[in-house]
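Observations on chain architecture
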Amino acid sequence: MDDEATRKEELRRTWDHFREVPRVEDEEKPRKSLKFLQYFVCSVFGFMVFVLGFLSKSSLLLLITISSESSTTIASRPFGLLMLACTLVVPSVLIFLKSCWKITFKDSKSPSKLSFVWIVGVEFLVASGTAILTLVAMPFLDVITNVMILNSVCIFSAVLQVANCALTQEKNKLLIIPPIIAVILVLVGYVFLFIGYGIDNGPNSKQMYMYCGLAIWGTILVSLNWWENFATMFKIPFLDRIVVDIKHSRNFSYMISSTVRIVVTAIIIGAYVKLSGEDWSLVNKVPGQTVKVAVSLFAIQAISSALCHWFVVAACKMHALRRGFVLPSILMSPGVLVAFLLAFVIRYELAQQVFGVINIDLPTYCQNFPLTSNYDQDTSVAESLVNDITQNLCNRGAFNRLNQGGLSVLVISAVVWWAGLLLSTLYVWLIPIHRIERTAKLFTRRLYESAFIDPSMLLNMRFQIPNKDDKNREEPVKIYLCATMWHETRDEMMKILISLFRLDKHSPKKGSNTNISFEAHIFFDDAFMEVEELGKKKRCVNEYAEDLVDVIKEVYTVFGEEKSSIFNSTNYLQEAGHQKIIQTPYGGRLCYTLPQENPLIIHFKDKEQIRHKKRWSQIMYLYYLLGWKLDRKYFDKLEMGEEENYLVEALKKEKHNTFILALDGDTDFQPSAVMLLVDRMRLYPDVGAACGRIHPTGTGPMVWYQKFEYAVGHWLQKTAEHVLGCVLCSPGCFSLFRGAALMDNNIMKTYTTKATEAIHYVQYDQGEDRWLCTLILQQGWRVEYNAASDAYTNAPQEFKEFYNQRRRWGPSTMANTIDLLGSGSQTVKINKSISTPYILYQVFCMGSSILGPATVCLMLAGSFSFVFGMKANWALVLAIVPPVIYMMLCFKLKSDTQINIAAFMSIFYAFLMSATILSIIGEMVKEQTFMTPSGLFFISMCILFIVTALLHPQEAPLIIYGVVYILSIPSGYLLLTIFSLVNMNNISWGTRETASKTEAKPAPTTKKHVAYEKTCTCCCWNIEIQVNKDEKFTPNTQPLLQQNEVTENALCLEDQSQEESILRDSWIKQLQVKSDELKLVEDTLEDDEVLFWEGLIERYLEPLHEDKKKQEQIKKDLKSLRNKVTFVFFLFNCLWVVATFFLQTIGTPVSIQIPKVYANGLYLKGQYLYIDPIGLMFLLSFAGLLLVQFLAMLYHRVYTLIHFVAYIGTESKAVKRKVQKSLKEQKETGKNYL
């Protein structure tokens, strides 16, 4: 029979191998569309860098050309020089304003006296060189020389590179060759500059020699600008101190340097105009055409330079260094030179056609150019500029005499200067950079040089000699993924586990291309229950815990058998090795090893042994992972004799690179979402937490409402918080926290505070993630939002569950925001990312939230007035009565009844909202114009939301749910606010509060006539002691028992202990059976870890014991708090409504009169629109708030695109290397898993 059963099972496997497995979406290989997006965006950025750089250089050179004495484009040379000087100081003005802003609203240090003198001295020399070169010398040089001599500012950097390579012990000695050649080429260009003008002018070259000397001297002074890029490499203590001090006082240093440059430039241009015999008074008599030309060139130069610098930074951040920055920058000068030569050639050919002379030679053309240039009296600005370029070149002897020697020298000098720049910046091609690298790490100086846009950006790139080990220069990162569970369904458990297994596949413990390792933990609340079996109580896990074990086994099978085939009958679970199951002081633990050898640990919490609920689970893993696992090992190393200073630095570094990813039990995410958050944390050391874009999942109208609500909240509110200051709440369902931030003072320790006051229950336990972020912000850390990091979590699908969830969130949000605003003055001093304007922004947002109910009532009153023709005041009264009645009912009725009433009223209000929208449209039709405040506001809001949705292409369809959101505004901003306030005293969780699937049956009470006295003498002999009316009946064996009392008591206690242990450990057998093929082997904790858990529970996590008197007092305090907050809300809203009521009663005398403008633009005198001032003020304020948020969203959207493109580019390379490595291993081992 056994053989037949075995054969039957073997045959079944041949025809019944089909499986039902969960769908796993894997993004490890980027889609072709994403790759195309990455190449397209990088190419566009590279093209923009070239175009903007071309405009910057050409407009500067045109300004220099029209400022020369031979120019006919402008009538006043001093005005041209003035505009040229303004282009030089634009970057200084911008950086001065930015530094002033940071000094005013941020914490900034001032430099030392020595650093101050050094900054003033260097900036004086650089500013002098720039002004002398561009204002004094270049207007007298030809345009070809001017294009290329700007590249010679690389000479000092090249010299420093040579010195650095010579002094440092570099293995690759060939690195010294390019900068040596660059120095030689630049010097050759200087020599050829004198030779060329000597050949052109012969004995009359003295004046031109002076200007050539000034130009060379100016380039040498300008080249000192990038001294800081190489200063620290020579290990000179004086320079090291200067560099460190400037770094710490960066804002003050930039303000000083900008001031020096502005002043020096102003002095030099003022003195030069006087010394050159020009009259400054001519500036006031400049013709309009001159102003138009000069100002236009100035605007083009200033705007294109600033944008070019921004595009360069963005290209470097998105990992497009070569094609997006270096190559376009190198090609700028040749491109401008070719453009000017083309303009000269086209002008030359045009003159031939106009005068009918086909074979006119170049010298003749140049000598007669003033005559040929006046063939058309109505010359345009462009033609005038081309004429100036032509005249500039014709003044050069190499052109007007067609001197072959002069032309050769001119070409050679131009080529060698360009080649010198190319060789001196050769290291830029090879610099290894991070994606979204910090700008301060990319470039030495925050300033860009508008006169030298291409060489300045190349030379400003931080000098770093390429090294083979640069790819591994990143410090190792440890990520602890910590999910909290309670009553999740199988589907929800499946989501989080698939995400964890997916991350395991993306970042295997061995053979990974990154130095990121992770460890997953799931903390399961209230996992145990008592079950009575055969009269004995057994400690078992509930069915939710059983489901988790079953789902792990199922997901393990899917990810573990990817390399197997249908012909491989071996069960992967049997080859997976033994997993561990451990009894712990807090309940139990399961230790799994995932397919790629990363650990997954399940912590089952017993609420009778450890405090339950989410915040205490977070405290549990914070102290376990950061306190026990991180800190303790350094104490062990200290006891082993390692140096204390070294351990302090090592611990600091590890805390900084240890992260905790907080998750909910139903979160679904891709590995890229985690990596994108890690990018922000690794590159920005002041970031304490970062969150991603949370997408609610589910079906039904409530989920539709939340989809649009979440979208608008992330699109506008979170991006504005990120750009203007800091994100106030990093949601606990998907947020990455830095270990150093959590372990900082007043954060982790304060987070363990047990609620003792009414406000504590609201702030601490109703929104624990928001409170934790408040503590992080108040300690000076930054909280960020990354829109490219997507995570999905289940949203409440029922009206009751939604209201209960927001009943917790609303008061908690308000309490934490008020706490942050209350400490605003202190937080501004501590936190560099939070400024006083940002605090005022949050105050305005809080005020808008408080006045939300009254605003909804006023909006409904407007619809009543228009639709039913009611008077404004009666309409206002009618709009106020229902919510007031509902508020009074909420004070008397149970929570569920309140929700049912709110659900009914929400349907009613949805119809009213549709009437309100129609009333706004109807008013515009009635007045025959949309130029009304309400009409403009409505139209602008529609446009704003549509444009915002289109800027989020993947989320654009969510705009459809905006209809549900608008219809639900009264429910969300009026009824829900009232419900949340009135039920503030309800501190229950409200969601997932369901009993276990299988309720533990209560133990039947049976009367046992066994008396366990102190001796317990009879149990081990199974002899009962009968108790009847205080009379004790004993069998005849009593004398024998008394003689062996001591021995038998010991045996009895031991047997009882064993029996209790078996009953207590019954959950282990239960899960071993449930896990089946994925073997769970019983193990034990180390003694030290047991002591740790016992100490942690005793100090912070001991189960809370009920104190009825204290609970009654807390209930009273919560009701008192509820009453106070509700009164304040009611008072503010009443004031708003009453003010509107009286203004409407008074009417026209206090209304604002606005001219009525029809849709076709007509305006008739005597026709006006009348608006109450409060309503207009609110509309303008709210519109202003949305405009600020919209602009912040645009800024944040661009940087999200940069980050996303950078991630695609780097990850696609990593995946390619991974595939090549896998194929190589398969080839070596002779295995093929395809």
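For the rest of this paragraph, the subject is the overall build of the chain. Each helix and strand counted, the chain has 46 helices and 17 strands in total. In the chain, buried positions account for 51% of the 1234 residues. Counting contacts in the chain only where the partners sit at least 6 residues apart, residues at least 24 apart contribute 81% of the total. Approximately 59100 Å² of the chain is accessible, and the part contributed by carbon and sulfur atoms is 61%.

This structure, assessed with the given rule, holds 32 salt bridges. Taking the shortest distance from any N to any O, the salt bridge between Glu-608 and Arg-539 comes out at 3.7 Å. One end of the pair, Glu-608, is in the loop between β7 (599–605) and α24 (614–639); the other, Arg-539, is in strand β4 (residues 536–541), and 69 residues separate them in sequence. Put simply, Lys-553 and Asp-550 hold a salt bridge, and the shortest N to O gap is 3.8 Å. Of the two residues, Lys-553 and Asp-550 are both situated in helix α22 (residues 543–560); the distance of three residues between them amounts to about one turn of the helix. Here the salt bridges share partners, and the residues they tie into one network are Arg-490, Asp-547, Asp-550, Lys-553 and Glu-554.

Here we take up the sheet that holds strand β1 (residues 477–485). As summarised here, the arrangement of the 11 strands in space is β9-β12-β10-β11-β8-β1-β2-β7-β6-β5-β15, forming an open sheet in which the pairing is mixed. A strand with exactly one partner marks an edge of an open sheet, and here the two such strands are β9 (668–669) and β15 (1080–1083). The pairing of strand β2 (residues 516–524) with β7 spans five bridges and is parallel. In the strand pairing of β7, Phe-524 is matched with Phe-604. Contacts from α22 reach β1, β2, β5 (579–584), β6 (587–593) and β7, with the element oriented near 170° to β7.

Turning to the environment of Leu-893, a few remarks are in order. Its location among the elements puts Leu-893 in the loop between α36 (872–892) and α37 (895–927). For Leu-893, the contacting residues outside a window of four places in its chain are Gln-898 and Ile-901.

Viewed as axis vectors pointing N to C, helix α27 (residues 701–724) and helix α34 (residues 836–850) meet at an angle of 160°, and their least axial separation amounts to 10 Å. It follows that α27 is roughly antiparallel to α34 by the angle criterion. Across from Ala-720, Glu-721 and Leu-724 in α27, the residues of α34 making contact are Tyr-838, Tyr-841 and Gln-842. Among the residues forming the contact of α27 with α34, the class breakdown is four nonpolar, one polar and one charged.

In low-pLDDT segments, the atomic positions of the prediction should not be examined closely. Per-chain confidence: the chain averages 83 in pLDDT, with 83% of residues scoring 70 or above. Low pLDDT, under 50, characterises residues 995–1048; the stretch is placed with 54 contacts to residues that sit more than four places away or in other chains. Contacts for the low-pLDDT stretch residues 1229–1234, under 50 throughout, to residues beyond four places or in other chains number four contacts.

Moving on to a nonpolar patch on the surface. Together, Trp-874, Val-877, Val-881, Ile-885, Met-888, Leu-889 and Leu-893 give the surface a local cluster of nonpolar side chains, amounting to about 620 Å² of exposed area. Looking at the element boundaries, Ile-885 is found in helix α36. Here Ile-885 falls in the partly exposed class, since its relative accessible area comes to 40%.

Moving on, we get to the side chain of Asp-606. Mapped onto the fold, Asp-606 is located in the loop between β7 and α24. With residues near it in sequence (within four places) discarded, Asp-606 still touches Phe-528, Arg-539, Tyr-586 and Gly-587.

Turning next to the packing of helix α32 (residues 799–822) against helix α40 (residues 969–982). For the pair α32 and α40, interaxial distance at closest approach is 9 Å and the crossing angle is 75°. In terms of axis orientation, α32 runs roughly perpendicular to α40. For the pair α32 and α40, contact is made by Phe-799, Phe-802, Tyr-803, Asn-804, Arg-806, Arg-807, Pro-811 and Met-814 and by Ser-971, Leu-975, Leu-976, Phe-979, Ser-980 and Leu-981, respectively. Looking at the contact of α32 with α40 residue by residue, the class counts come to nine nonpolar, three polar and two charged.

Our focus in this paragraph is the environment of Gly-732. With respect to the helices, strands and loops of the structure, Gly-732 is situated in the loop between α27 and β11 (734–738). The residues touching Gly-732, leaving out its near neighbours within four places in the chain, are Lys-614, Ala-662, Leu-663, Asp-664 and Asp-769.

Attention now goes to helix α8 (residues 206–222). For α8, spanning 17 residues, the distance from its first C-alpha to its last is 24 Å, which sits close to the expected 24 Å at 1.5 Å a residue. Listed as buried for α8 are Met-208, Tyr-211, Cys-212, Ala-215, Ile-216, Gly-218, Thr-219, Leu-221 and Val-222. Where α8 is buried, its residues touch α4 (113–137), α5 (143–149) and α7 (177–201).

Here we come to the packing of aromatic side chains. Here the structure, examined in full by the defined rule, presents 41 aromatic pairs. Seen in terms of ring centroids, Phe-501 and Tyr-556 are 5.7 Å apart; in terms of plane orientation they differ by 80°. Their pairing is edge-to-face. With Phe-501 in helix α21 (residues 490–506) and Tyr-556 in helix α22, the pair connects residues that are 55 residues apart, well separated along the chain. On the numbers, 3.8 Å between centres and 15° between planes, the contact of Tyr-764 with Trp-771 is stacked. Judged on exposure class, the residue Tyr-764 and its partner Trp-771 are both buried. Following the ring pairs from residue to residue traces out a cluster consisting of Tyr-705, Phe-708, Phe-799, Phe-802, Tyr-803, Phe-945, Tyr-965, Tyr-973 and Phe-979. For the cation-ring pair, Arg-396 lies above Tyr-197, with the distance from its terminal atom to the ring centre recorded as 3.9 Å. Its guanidinium or amino end placed over the ring of Tyr-634, Lys-637 lies 4.9 Å from that ring's centre, counting from NZ or CZ.

This next bit is on the nonpolar core. Within the largest apolar cluster, 124 residues are counted, with the highest numbers of intra-cluster contacts made by Cys-316, Met-318, Phe-325, Tyr-365, Phe-399 and Met-461. With residues up to four places along the chain from it excluded, the contact list for Cys-316 reads Leu-321, Phe-325, Ile-433, His-434, Leu-442, Phe-443 and Met-461. Leu-481, Ile-552, Val-558 and Ile-1068 belong to the second largest nonpolar core, which has 67 residues in total.

The rules behind each value
- All residue numbers refer to position in the chain's written sequence, counted from 1.
- In keeping with the model being predicted, local features are shown solely for residues with a pLDDT of at least 70 and side-chain atom pairs are shown and tallied solely at 80 or more, while totals for entire chains, interfaces and linings include all residues.
- Computation of side-chain values covers all heavy atoms of the structure but excludes hydrogens and water.
- Put simply, DSSP H or I for four residues or longer makes a helix, DSSP E for two residues or longer makes a strand, and each gets a number counted from the N terminus.
- Whether a residue is buried, partly exposed or exposed follows from its accessible area with a 1.4 Å probe, protein chains only, as a fraction of its type maximum: under 20%, in between, or over 50%, in that order.
- Residue contacts are defined here by distance: any two heavy atoms, one from each residue, within 4.5 Å place the two residues in contact.
- Surface accessibility in these figures is a Shrake-Rupley result with a 1.4 Å probe; residues are shielded only by whichever protein chains are displayed.
- We count a salt bridge whenever a side-chain nitrogen from Lys or Arg sits within 4 Å of a carboxyl oxygen from Asp or Glu.
- For two strands to pair, DSSP has to find at least two bridges joining them.
- Throughout, an axis means a line fitted to C-alpha atoms (over the contacting stretch in the case of helices), and angles, computed between N-to-C directions, take values from 0 to 180 degrees.
- In this scheme, roughly parallel covers angles under 35 degrees and roughly antiparallel covers those over 145, while 65 to 115 is roughly perpendicular and the rest are oblique.
- Only Asp, Glu, Lys and Arg are considered charged in this grouping, and only Ala, Val, Leu, Ile, Met, Phe, Trp, Tyr, Cys and Pro are considered nonpolar; every other residue, Gly among them, is considered polar.
- Every residue gets a pLDDT, meaning the predictor's confidence in that residue, from 0 to 100.
- What goes into a patch is any residue over 30% in relative accessible area without a salt bridge, connected to like charges within 9 Å or, for nonpolar side chains (Val, Leu, Ile, Met, Phe, Trp, Tyr), within 5 Å.
- Helices are assigned an expected span. That span is 1.5 Å times one less than the residue count.
- For Phe, Tyr and Trp, rings pair up if their centres lie within 6.5 Å, where Trp contributes its six-membered ring, and each pair is then called stacked (planes under 30 degrees apart), edge-to-face (over 60) or tilted (otherwise).
- Over a ring means this: the NZ of a Lys or the CZ of an Arg is within 6 Å of the ring centre and within 35 degrees of the ring normal.
- Residues grouped as a nonpolar core are buried Ala, Val, Leu, Ile, Met, Phe, Trp, Tyr and Cys residues, joined through side-chain atoms within 4.5 Å.

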